[in-house]
Amino acid sequence: MTEEKKPEERKPRKHATEAAGKIGPMVKAALKENLRAKEEGKPIAYAFIFSGYDEIIRAMDIVPAWTENYAGICGVKRDAQRFLERAEGENFSRSLCTYALCGLGFDSWREETGEMPPNPPWGGQARPTVMLGSGQIICDPRYKWYQAVQHYMPDVPVFVGGLPYPPYEDDYDYRDVQDYYVKYIVEELRGLVAFLEKHTDRKMDWDRLSEVIDISDRTWNMISEAYDLRKAVPCPMGTGDAMNTMVPMTFMMGTQEAYDFFKDLYDELKLKIANKEGVIPDEKYRLLWGGGLPSWFALTDFNYFNSKGAVFPAEVTYRLVEPVYNLDLPRVSDPLEHLAWRWVKYWTYRSDKARKRPGSNPDVERLIEYIEEYKIDGVVMHEAFSCRSWHPGLIWQLNQLKRVYRDIPSLILESDIVDISSYNEADTRSRIDAFIETLEAVKGR
Amino acid sequence: MSAENSMGGLVTVERYYQKYGSRARELKKQGKGIMGYLCAFTPVEIIAAAGFVPFRIKGDVNEPITKADTEMETIVCPLVRSCFDMALKGKYEFLEGIVIPHACDSISTTYSVWKNTLNLPYAHLINMPHSTDEPSFNFYKALLGTFRASLSKFTGNEISDQSLNQAISLYNQNRAKVRELYGLRKASPPLISGTEVAKLLIAAVSIPVEEANQLIDNVIEEVKQRKTVPAAKPTRIMVVGAQVDDVAFIDLIEDSGAWVVADDLCPGAREFFADVDVTKNPIDGIAERYLRKIKCGRTFREKKGDYEDYLEERFGHIGRFIKDFGVDGVVLYIYKYCDPYGFEVPAMKSYIESVGAPVLYLEDEYSMSTIGRLRTRIQAFLELIGSK
């Protein structure tokens, strides 16, 4: 019986920074907090990361339950298969987003039995009061997943607000359209506030919202400044750790705790740089994680890279901020309008740069920028089979990088975010070995 | 009108279907601009009003995907990959540009790949929202305004309201004719097979709308005058899915002893049943149709009322087809990696069963290599229906 399967016991991954080591307990505490909130009758919102509404939830004192995070935890604990199988049994295709499938399997199980599935990773996920989707230019599961969950929890209301950004086009500039994008996003965020006020006992405190946004703006800056320190040689923190430190960036934005975390990280990295302390003592190759979500069940692959003399000073994945002072944001009094401008300006940040290089686009431009600023020798990407949000276009980006910039060794790993059945450790590592040989050959030229 | 279009309707359909794009190629030689597009969510009225022939890019289930994999991930919807593969292989060399709507991840997240790999003179993404509320509607209208301005800039001619209204009128005629065509399927046995209808609708999205209208008229006339009555088959099937632009699957069902009498597919009823309302500002009517009237999994509809009402709101049109067309069973035919429809399956299945029709859910890969496996499943389903 799948219910009786015990997850595989594994040693924790070795971290380069103390900050990354704090993440496990933080996530555990957040999940406990959710379960306690449920007992206390506080409103809980199923939510997606990077959906523009973190500050609204925090300001209204609604407890977020980040469902992608919980699926990722199931993946890290190598205990997702029973939920994936259950979702498949419900006729959800195994080719769909495995975060969503894991969540759907979990929720349908809990709804059927009226209690948590047996031995749920880190205590399980509480039943929500509301579910907050998001209609973006990317990620269909952000509006489909919670709609599908409603089949098992029809009484839980779902909100899906539009959150688009201007695509990079040749025939017009984003500035030609940004005003109507911002107007729309503000209206949708206002609709979200009305939805939350209707379906929970909370009322928006607009002064509080401005305070929360101020904290998150400062956190955006602090993250950017801390991560910039990774340009140092030797590199004091790699992508393996960044896959931990993404937690306060994505699940705690708008909290003082998140700001403090990154201030501590900044101080820690400064100290490491002063002591010339790198992720590995003998740094031979500096790699860019150029795209794709990680295989949460195989984060030790980053340590494997380290064992071969390779470090990842930068990554595109989960670097979801830019310094706010660089975004050229207009001064506005409406906090929702500020959020909308920040969103649009974040996504169009490299448009002007891209326009100067024929054939480039903002994604390619970002790769070039990181390659230059972080002194990168090679690019590694991951194609997760179940995610069509972040992964289509990676091959083209690599091809285009070579066409408009320069040839650089690259590797695309193939597996998934949650579904371990897609992963072959021996095969992955032999591909890494071959890639390291290529790097060595290129360096030796 | 083309010379061929004056021949027998079904003969012309067969030719256009088998040599997909042949008419567009001829028109290109005559100096006509051909604008390629993906998906039923591209507002073809605006393209036609700009003086182009809107041309639906289709894949080919018989053609192994080879070239596309060098630029596009294999985790993308196999239909989109096949379309891109055909484009890379030069099948659509006559295109002047491409218009891609934000329909689903597979379509919109590959926009850069399409745009930069094909390097056509024109490319545009219509970033349409998923929600249907008033702010989304107004935002979508603004996007359509940007698209209209962009196409005008490309052609050097303003797209007038008058030309938009003319295009709307022609496309509404087109849809009315398709509805009339579907009416022929209500008879038992249906006067026209599912395979014939599918071929006609696929052909219709590859030629100018005026020619498509004439072609549909010809087919309706021809079918009504048929001397041979179609064979009686015991089971009437409806097929539901995303875009099915090849008749292999429909043909498989009809070859297994059933008629396909209804569908919720593109090209198909989903695409052809909703009209553009005549509005003072033509963009209003166009926006209403594409954002709110077309019932597709890619559009999020807010739940109002209880869950049964919600299912009725999302899938009620399928229920009405089942009743109106005397459907005995429904096949949910969904491609692997299809997020908008893959997430719908349990709810959709439960709704269809609640209105009394048995359901077969099949996941496929847009390739002839799976036909044998599908045949076995279809035959078993038809036997199950027959035994009831």
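Parameters and conventions
In every chain, residue numbers begin from 1 and rise along the written sequence. All chains are assigned letters beginning with A, and all ligands numbers beginning with 1, in the order in which they are written. Local features are withheld for residues below a pLDDT of 70 in this predicted model, meaning they are given only at 70 or higher, and side-chain atom pairs are given and counted only at 80 or more; totals for whole chains, interfaces and linings count all residues. Side-chain numbers here rest on the full set of heavy atoms in the structure, without hydrogens or water. For Phe, Tyr and Trp, where Trp contributes only its six-membered ring, two rings pair if their centres lie within 6.5 Å, and the inter-plane angle classes them as stacked under 30 degrees, edge-to-face over 60, or tilted in between. Each helix is a run of H or I in the DSSP string that is no shorter than four residues. Each strand is a run of E no shorter than two, and both are numbered from the N terminus. Any residue under 20% of the maximum accessible area for its type is buried, any over 50% is exposed, and the rest in between are partly exposed; the area is computed with a 1.4 Å probe on protein chains only. For a Lys NZ or an Arg CZ to count as sitting over a ring, it must be within 6 Å of the ring centre and within 35 degrees of the ring normal. Strand pairing follows a simple DSSP-based rule, namely that at least 2 bridges must link the two strands. To define axes, lines are fitted to C-alpha atoms, for helices over the stretch in contact only, and angles between the resulting N-to-C directions are given on a 0 to 180 degree scale. Crossings are sorted by hand: turned counterclockwise from the far helix by less than a right angle, the near helix makes the crossing left-handed, and turned clockwise it makes it right-handed. Any two residues whose heavy atoms approach within 4.5 Å are treated as being in contact. Classification convention: Asp, Glu, Lys, Arg as charged; Ala, Val, Leu, Ile, Met, Phe, Trp, Tyr, Cys, Pro as nonpolar; all other residues, Gly among them, as polar. Side-chain atoms within 4.5 Å link the members of a nonpolar core, which is a set of buried Ala, Val, Leu, Ile, Met, Phe, Trp, Tyr and Cys residues. What makes a salt bridge here is a side-chain nitrogen of Lys or Arg within 4 Å of a carboxyl oxygen of Asp or Glu, nothing more. We define a polar contact as two N or O atoms separated by no more than 3.5 Å, with the added condition that, inside protein, one atom must be a possible hydrogen donor and the other a possible acceptor, whereas residues neighbouring each other in sequence contribute only through side-chain atom pairs. By definition, the crossover connecting two strands over a helix is right-handed if that path, from the first strand to the second, turns clockwise as seen with the strands pointing away from the viewer.

**A word on the packing of aromatic side chains**
- Tallied over the entire structure, the rule returns 45 aromatic pairs over all chains.
- For the ring pair A:Phe48 and A:Tyr146, a centre distance of 4.5 Å and an interplane angle of 25° mean the geometry is stacked. Pair noted here: A:Phe48 is in the loop between strand 1 (44-47) and helix 3 (54-59) and A:Tyr146 is in helix 7 (residues 141-149), with a separation of 98 residues, a long-range link. No difference in accessibility class separates A:Phe48 from A:Tyr146, as the two residues are buried.
- Ring geometry for A:Phe50 against A:Trp347: centres 5.9 Å apart, planes inclined by 45°, an arrangement best described as tilted. With A:Phe50 in the loop between strand 1 and helix 3 and A:Trp347 in helix 13 (residues 335-347), the pair connects residues that are 297 residues apart, well separated along the chain.
- For A:Phe50, a relative accessible area of 10% translates into the label buried.
- Of the residues examined, A:Trp347 reaches a relative accessible area of 17% and is grouped as buried.
- An aromatic cluster is built from A:Phe50, A:Tyr165, A:Trp220, A:Trp343, A:Tyr346 and A:Trp347, whose rings are joined through pairwise contacts.
- The ring centre of B:Tyr20 lies 5.4 Å from the NZ or CZ of B:Lys58, which sits over that ring.

**Things to note about unusual backbone geometry**
All names here are of chain B.
- The omega angle of the peptide bond from Ser188 to Pro189 is -5°, so this bond is cis rather than trans.
- Assignment of secondary structure puts Pro189 in the loop between helix 8 (161-183) and helix 9 (194-204).
- Of note, the bond from Cys266 into Pro267 is cis; its omega dihedral lies within 30 degrees of zero at -15°.
- Locating Pro267 in the fold gives a position in the loop between strand 6 (258-266) and helix 12 (269-272).

**Here we look at the pairing of strand 3 (residues 97-101) of chain B**
All names here are of chain B.
- In terms of residue burial, strand 3 counts as a mostly covered element, since five of its five residues are buried.
- In strand 3, alternate side chains face the same way, and those of Gly97, Val99 and Pro101 on one face and Ile98 and Ile100 on the other are all buried.
- Relative to strand 4 (residues 122-126), strand 3 is paired through five bridges, and the arrangement is parallel. Directly across from Pro101, in strand 4, lies its bridge partner Ile126.

**A look at the packing of helix 15 (residues 362-373) of chain A against helix 16 (residues 394-404) of chain A**
Residue and element names in this part refer to chain A.
- Put simply, helix 15 and helix 16 touch, their axes get as near as 9 Å, and they point 65° apart. Classified by chirality, the crossing of helix 16 by helix 15 is right-handed. Contact residues: helix 15 offers Asp363, Val364, Leu367, Ile368 and Ile371, while helix 16 offers Trp396, Gln397, Gln400, Leu401 and Val404.
- Partitioned by chemical class, the residues of the contact of helix 15 with helix 16 number seven nonpolar, two polar and one charged.

**Concerning helix 4 (residues 67-76) of chain A**
Residues and elements named next belong to chain A.
- Counting buried positions over the 10 residues of helix 4 gives nine, a clear majority of the element.
- All of the buried residues in helix 4 are Thr67, Glu68, Asn69, Tyr70, Ala71, Gly72, Ile73, Cys74 and Gly75.
- One or two steps after helix 4, the chain reaches Arg78, where phi turns positive at roughly 50°.

**Points about the nonpolar core**
- The biggest cluster of nonpolar side chains holds 302 residues, and the ones touching the most others in it are A:Ile56 and B:Trp114.
- Among the elements that line this core, the one with the most residues is helix 8 (residues 178-199) of chain A, at 11 residues.
- Residues contacting A:Ile56, with those up to four places away along its chain left out, are A:Leu189, A:Leu192, A:Val193, A:Leu196, A:Met204, A:Leu209, A:Leu336 and A:Leu339.

**Description of the interface of chain B and chain A**
- In this complex, chain B contributes 63 residues to the contact, which on the side of chain A involves 59 residues.
- Counting the contacts that link chain B with chain A gives five salt bridges.
- In this structure, A:Lys144 engages B:Glu344 in a salt bridge whose closest nitrogen and oxygen atoms are separated by 2.9 Å.
- Linking chain B with chain A are 33 residue pairs in polar contact (both at pLDDT 80 or more).
- Put simply, the parts of the chain that give the side of chain B that touches chain A at least two residues each are helix 5 (105-108), helix 6 (111-118), strand 4, helix 7 (134-155), helix 14 (307-324), helix 15 (339-342), helix 16 (345-354) and strand 8 (359-364) of chain B.
- Per element, the largest residue contribution to the side of chain B that touches chain A is eight residues, and it comes from helix 7 of chain B.
- In the side of chain B that touches chain A, the residues fall into 27 nonpolar, 20 polar and 16 charged.

**A look at the pairing of strand 6 of chain B**
Residue and element names in this part refer to chain B.
- By the criterion of burial, strand 6 is predominantly enclosed, with nine of the nine residues buried.
- Direction of pairing for strand 5 (residues 235-243) relative to strand 6: parallel, over a ladder of seven bridges. In the strand pairing of strand 6, Arg236 is matched with Trp259.
- A crossover connection joins strand 5 to the parallel strand 6 through helix 11 (residues 248-255); in handedness this β-α-β unit is right-handed.

**Structural notes on the sheet that holds strand 5 (residues 285-291) of chain A**
Residue and element names in this part refer to chain A.
- Strand order in the open sheet made by the four strands is 6-5-7-8, with parallel pairing throughout. The outermost strands of the open sheet, each flanked by one partner alone, are strand 6 (310-315) and strand 8 (410-415). Going across the sheet, the axis of each strand differs from the next one's by a mean of 30°, ignoring polarity.
- Where strand 7 (residues 378-384) lies against strand 8, six bridges are found, and the strand directions are parallel. Looking at the pairing, Ala384 lines up with Ser415 of strand 8.

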